[in-house]
Amino acid sequence: MTVLCALCATGTLEAVPQLPANPAPSQEQQEDSVSVSLVTFYPGSEPHNIFGHSEIRVKQGPVDLYFNYGVFDFKSPGFLWRFMLGETDYMCQPVPRAYATIGMENRRMVEQELNLPQDRAIMVRDFLWNNAQPENRTYRYKFLSDNCSTRPRDIIEMAAGDGLRYPAMEDSAVTYRDILAHYCRNYAWERFGINLVLGWDVDTTLDQRATMFIPMLLMDAVAGATVKTDSTVLPLVKTTTVPIDKSTDGNVRPPTPWYISPMAVALLVLTLTLLVTGRDWHRRSLSRWYDTLLFIAGGLAGCILFFLICFSTHEATSPNINIVWLNPLLLLLAVLPWFKKTRGAARLLHALNAVIVALLMLAWPWQPQVGDWAFFPLMAALVMRSGINVLLGAQTTRGPTPVQG
């Protein structure tokens with residue numbers, strides 16, 4: 001749930017604030033006073049804001065609004081269930097200047113005023129205000145392709161027109177997973193979760209436009225962009241200000257200590273598995289209690305993956321190679337060995353599991369999905385316990401094997 005919350009919240013998660021009935025500029029105001037800015041908030045320290053946030057500021061006379069595409073109504077019916085299904089309905093909400101930085105005080109804030117002709121700035125103003133109306137404001141949020149950063153990107157491109165040119169990318173072989181890993185570099189468990197639930201679609205190479213799903217990358221692209229009008233080439237950004245001057249790394253937490261990292265936990269599981277398996281081999285009996293704990297944990301994780309792959313509409317969760325080694329069938333391996341009549345079926349399933357997971361480990365470098373190093377001790381533990389169940393599966397009681405006369 002934490003991983004989904006982080007992924008589905010590259011924008012700010014907040015309740016809908018109360019606004020004046022009609023903060024739109026009046027017709028009497030000067031049309032030549034409209035200014036449009038891209039506003040970027042750097043990463044915060046909570047799961048829902050570790051990827052930063054973007055807004056568009058529209059200022060005209062006394063009216064000063066920040067249009068936020070990262071707002072949702074937590075009180076809407078069935079919110080959590082629809083969230084799990086991927087039915088993440090977010091809204092465009094105009095926020096007055098007085099409320100724009102609430103909760104953002106410790107995060108760097110950069111405003112880039114765009115170099116737009118007045119007719120284009122007015123077009124952006126009218127588009128945003130129309131988009132924020134109750135009948136238009138809701139959209140289906142996608143954490144990679146349609147979020148609080150890609151929406152401002154699309155609006156800027158609409159306003160700038162065909163003459164917009166972005167600067168060249170520094171890294172031409174970057175993937176979604178590379179970018180997500182960079183912003184999760186201090187958060188080992190979030191990175192582990194992302195690597196677990198996101199499939200190989202996030203391992204394809206991105207073009208420059210696709211990288212702008214991250215607010216800071218959109219900000220950098222806009223900073224170096226130009227607009228060509230007739231024979232004139234102008235910078236897209238007129239002026240840049242930093243209203244909140246904090247760290248360019250964002251307000252991030254310290255790195256996860258190594259001793260509670262996913263790799264440390266995975267190695268602990270593998271060590272326990274080695275000890276229990278060695279004891280079982282020496283005694284020629286199975287520690288079914290240990291298998292129950294291990295395979296229930298794996299089976300429950302597999303149920304989550306199965307749900308995300310088969311039922312959720314969250315993007316990039318399917319196809320996912322991790323369903324091969326973490327799947328709901330592992331729950332059978334936790335239960336069947338406890339019943340004498342099903343132990344034969346349990347041995348067959350253990351044999352299949354050991355072979356399939358072992359082959360996956362061997363073939364991993366040649367399949368399209370990038371994994372987490374902590375996966376491999378866990379896969380090795382599953383293979384080891386399935387293997388010992390095949391070898392000692394005929395044992396029905398603890399203790400030495402009875403001598404056959």
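Q: Sorry if this is basic, but what is going on with the sheet that holds strand 7 (residues 164-165) here?
A: Backbone-to-backbone hydrogen bonds join strands into a sheet, with any given pair of strands oriented parallel or antiparallel. Taken together, the three strands give an open sheet; going across it, the order is 7-8-9, and neighbouring strands pair in antiparallel fashion. The sheet is open, and its two edges are formed by strand 7 and strand 9 (232-235), each paired on a single side. Pairing geometry for strand 8 (residues 226-229) and strand 9, over four bridges, is antiparallel. Across the sheet, Val 227 pairs through a bridge with Leu 234, a residue of strand 9.

Q: Would you mind going over the side chain of Asn 327 with me for this structure?
A: Among the secondary structure elements, Asn 327 is positioned in the loop between helix 9 (288-310) and helix 10 (330-335). Within the structure, Asn 327 has its side chain in polar contact with the backbone oxygen of Val 324 (distance 3.2 Å). Here the side chain of Asn 327 touches Leu 329 through a polar contact of 3.0 Å, landing on its backbone nitrogen. When near neighbours in sequence (up to four residues on either side) are disregarded, Asn 327 contacts Gly 298, Gly 299 and Gly 302.

Q: Quick question: what am I supposed to make of the packing of aromatic side chains here?
A: For any pair of aromatic rings, the description rests on two quantities: the centre-to-centre distance and the angle between the ring planes. Taken as a whole and assessed by the stated rule, the structure comprises 15 aromatic pairs. With a centroid separation of 5.7 Å and 85 degrees between ring planes, the pair formed by Trp 258 and Tyr 259 is classed as edge-to-face. Note on Trp 258: relative accessible area 67%, which makes it exposed. For Tyr 259, a relative accessible area of 54% translates into the label exposed. Their ring planes at 50 degrees and their centres at 5.9 Å tell us that Trp 373 and Phe 376 sit as a pair that is tilted. What links up through ring pairs into an aromatic cluster is the set Trp 189, Phe 192, Trp 325, Trp 364, Trp 373, Phe 375 and Phe 376. Here Arg 284 stacks its cationic end above the ring of Trp 281, 4.0 Å away from the centre of that ring.

Q: How do you make sense of the packing of helix 11 (residues 343-363) against helix 12 (residues 375-392) when you look at a structure like this?
A: A pair of packed helices can be characterised by two numbers: the angle between their axes and the separation between those axes. The geometry of helix 11 relative to helix 12 is characterised by a closest axis approach of 8 Å and an angle of 145 degrees between their N-to-C directions. The way helix 11 lies across helix 12 gives a crossing that is left-handed. On helix 12, the residues touching Arg 347, His 350, Ala 351, Asn 353, Ala 354, Val 357, Ala 358, Leu 360 and Met 361 of helix 11 are Phe 376, Met 379, Ala 380, Leu 382, Val 383, Arg 385, Ser 386, Gly 387, Asn 389 and Val 390. Of the residues in the contact of helix 11 with helix 12, the class split is 12 nonpolar, five polar and two charged.

Q: Honestly, the sheet that holds strand 5 (residues 109-114) in this entry has me stumped. Any pointers?
A: As summarised here, the arrangement of the seven strands in space is 6-4-3-2-1-5-10, forming an open sheet in which the pairing is antiparallel. The sheet is open, and its two edges are formed by strand 6 (138-140) and strand 10 (237-244), each paired on a single side. For this sheet, the mean inter-axis angle between neighbouring strands, taken without regard to orientation, is 25 degrees. Note: strand 1 (residues 35-41) against strand 2 (residues 53-60), seven bridges, orientation antiparallel. Along strand 2, the bridge assignment pairs Leu 38 with Ile 56. Docked against the sheet, helix 3 (residues 118-131) engages strand 1, strand 2, strand 3 (63-71) and strand 4 (89-96), running at close to 55 degrees with respect to strand 3. Helix 4 (residues 150-160) contacts strand 1, strand 2, strand 3, strand 5 and strand 6 of the sheet and is inclined by roughly 45 degrees relative to strand 2.

Thresholds, definitions, all that
Residues numbered from 1 in each chain as written. Predicted model: local features only at pLDDT ≥ 70, side-chain atom pairs only at ≥ 80, totals over all residues. Heavy atoms only, no water. Pairing = 2+ DSSP bridges. Helix = DSSP H or I, 4+ residues; strand = E, 2+ residues; numbered from the N terminus. Polar contact = N/O pair within 3.5 Å; in protein donor to acceptor, adjacent residues only side chain to side chain. Contact = heavy atoms within 4.5 Å. Phe/Tyr/Trp six-rings, centres within 6.5 Å; stacked < 30°, edge-to-face > 60°. Buried < 20%, exposed > 50% of the residue type's maximum accessible area, 1.4 Å probe, protein only. Lys NZ or Arg CZ within 6 Å of the ring centre and 35° of its normal. Axes fitted to C-alpha atoms, helices over the stretch in contact; angles between N-to-C directions. Left-handed = near helix turned anticlockwise from the far one by under 90°. Nonpolar A, V, L, I, M, F, W, Y, C, P; charged D, E, K, R; others polar.

Any functional reading would require information that these geometric values do not contain.
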